[in-house]
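Descriptive structure summary
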Amino acid sequence: QGRLLLQVRVAQVTPDLLLVLAEDLTQARRVEAIRRDFVVNVSHELKTPIGALSLLAETVEDAADDPPAVRRFAGRMQAEATRLSALVHEIIELSRLQVAGALEDVAPVSVDAVVAEALDRARTGADAKQVRLSAGGDTGVVVFGDHALLVTAVRNLLDNAVAYSPDGTSVGVGVKRRGHLVELAVVDEGIGIAAADQERVFERFYRVDPARSRDTGGTGLGLSIVKHVAADHGGDVSVWSQPGRGSTFTLRLPVADQGDDPADAPAADV
Ligand code: ADP
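Read on for a plain summary of the structure. It should be emphasised that the depicted structure is a prediction, and the values quoted were computed from it without experimental measurement.

**Observations regarding unusual backbone geometry**
In terms of backbone geometry, most residues other than glycine have negative phi values and most peptide bonds are trans. The phi torsion at Q130 lies on the positive side, around 50°, for a residue other than glycine. Considering the arrangement of structural elements, one finds Q130 in the loop between α4 (111–128) and β2 (132–137). The backbone of F205 shows a phi angle near 65°, a positive value even though the residue is not glycine. Tracing the chain through its elements places F205 in the loop between α6 (195–198) and α7 (210–215). Among the residues examined, F205 registers a relative accessible area of 9% and is labelled buried.

Encoded structure:
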């Protein structure tokens, strides 16, 4: 009887099944490699602000009898701590998104509300640089997804547009419905991105100019988060840019008014 069972089992291992198992293994190895890379990147990125903090702490100690210097160093420690906290927040967000099917609160989401909230949150940074924010285009579009994540994605694009633009310029969000897709384009008149860097800016921790990104409080994770949010919603994000003239980042999402089932949206795995 035991032999019979074994024979049945062996007979069930079809080439198709072997292929599925092999694909699963390849996928598992890929996910493992991504995770390993991520841990290496994260450790490296965390070392910078932690190193700066400990150096500043030493300097404060040495400057104990110079109160203005102590205040200055304390301010810089505060700035490093804020940066560290933003970095940790984004690392947690990204690692959550890297798990396929991370969308938790899927519901119909108003694109108008997402844009309004993202603009609201980007306003303080824009005001500090006298950058004018505006929005226009199609209204009343609804997508299926996670409202908070979509706000984060549009806000990341807006924050970048402001950060990489000269003072006094304009940043706009344009909404355009095209068939079953909606495009949200964040347009700036900033420094732009060279063609060779345009693909790479969506990679984790990739910065065209690390010093500038650091000055603007960047973590190098913003666009990577946008890419994952887009993919988790069954959409994508792309960039068009001319160095010295400006950039346009376009988030494309499937609209939700054709009886779509959110479960049909493909999940990201990168
Ligand atoms: P960061 O936190 O450094 O801004 P991001 O992932 O958001 O990280 O962006 C990656 C890099 O892409 C930035 O460091 C910057 O060099 C470039 N970048 C992003 N958005 C823009 C933009 N609107 N204009 C010019 N460069 C940009």
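**Digging into the site of the ligand**
If you check the shell around the ligand, you find 20 residues, and the closest are N160, Y164, S213, T219 and G220. In this structure, V208 approaches the ligand through a main-chain N or O atom, which is 3.1 Å from an oxygen atom. Against a free-state accessible area of 530 Å², the protein chains account for coverage of 96% of the ligand. Going through the elements one at a time, α5 (147–163), α8 (222–232) and β7 (246–254) are the ones with two or more residues in the shell around the ligand. A class-by-class count of the residues in the shell around the ligand yields 10 nonpolar, 8 polar and 2 charged.

**Remarks on the environment of V201**
Its place among the elements puts V201 in the loop between α6 and α7. Between the alpha carbons of V201 and E90 there is a distance of 16 Å; along the sequence they are 111 residues apart. Residues within four places of V201 in sequence aside, it is in contact with I193, Y206, V208, L223 and F249.

**Digging into the sheet that holds strand β6 (residues 236–242)**
The strand order across the open sheet built from 5 strands is β2-β4-β5-β7-β6, with neighbouring strands paired in mixed fashion. Edge positions in the sheet fall to β2 and β6, since each of these pairs with one other strand and no more. When the angles between neighbouring strand axes are averaged without regard to direction, this sheet yields 15°. Bridge count between strand β4 (residues 170–178) and strand β5 (residues 181–188): 8 bridges; the pairing is antiparallel. Each residue of the ladder has a partner; that of G172, found in β5, is V187. Strand contacts of α4: β2, β4 and β5, with the helix running at about 170° to β2, the strand carrying the most contacts.

Parameters at a glance
Residues numbered from 1 in each chain as written. Predicted model: local features only at pLDDT ≥ 70, side-chain atom pairs only at ≥ 80, totals over all residues. Heavy atoms only, no water. Helix = DSSP H or I, 4+ residues; strand = E, 2+ residues; numbered from the N terminus. Buried < 20%, exposed > 50% of the residue type's maximum accessible area, 1.4 Å probe, protein only. Near = heavy atom within 4 Å. Polar contact = N/O pair within 3.5 Å; in protein donor to acceptor, adjacent residues only side chain to side chain. Areas by Shrake-Rupley, 256 points an atom, 1.4 Å probe, with all protein chains shown as cover. Nonpolar A, V, L, I, M, F, W, Y, C, P; charged D, E, K, R; others polar. Contact = heavy atoms within 4.5 Å. Pairing = 2+ DSSP bridges. Axes fitted to C-alpha atoms, helices over the stretch in contact; angles between N-to-C directions.

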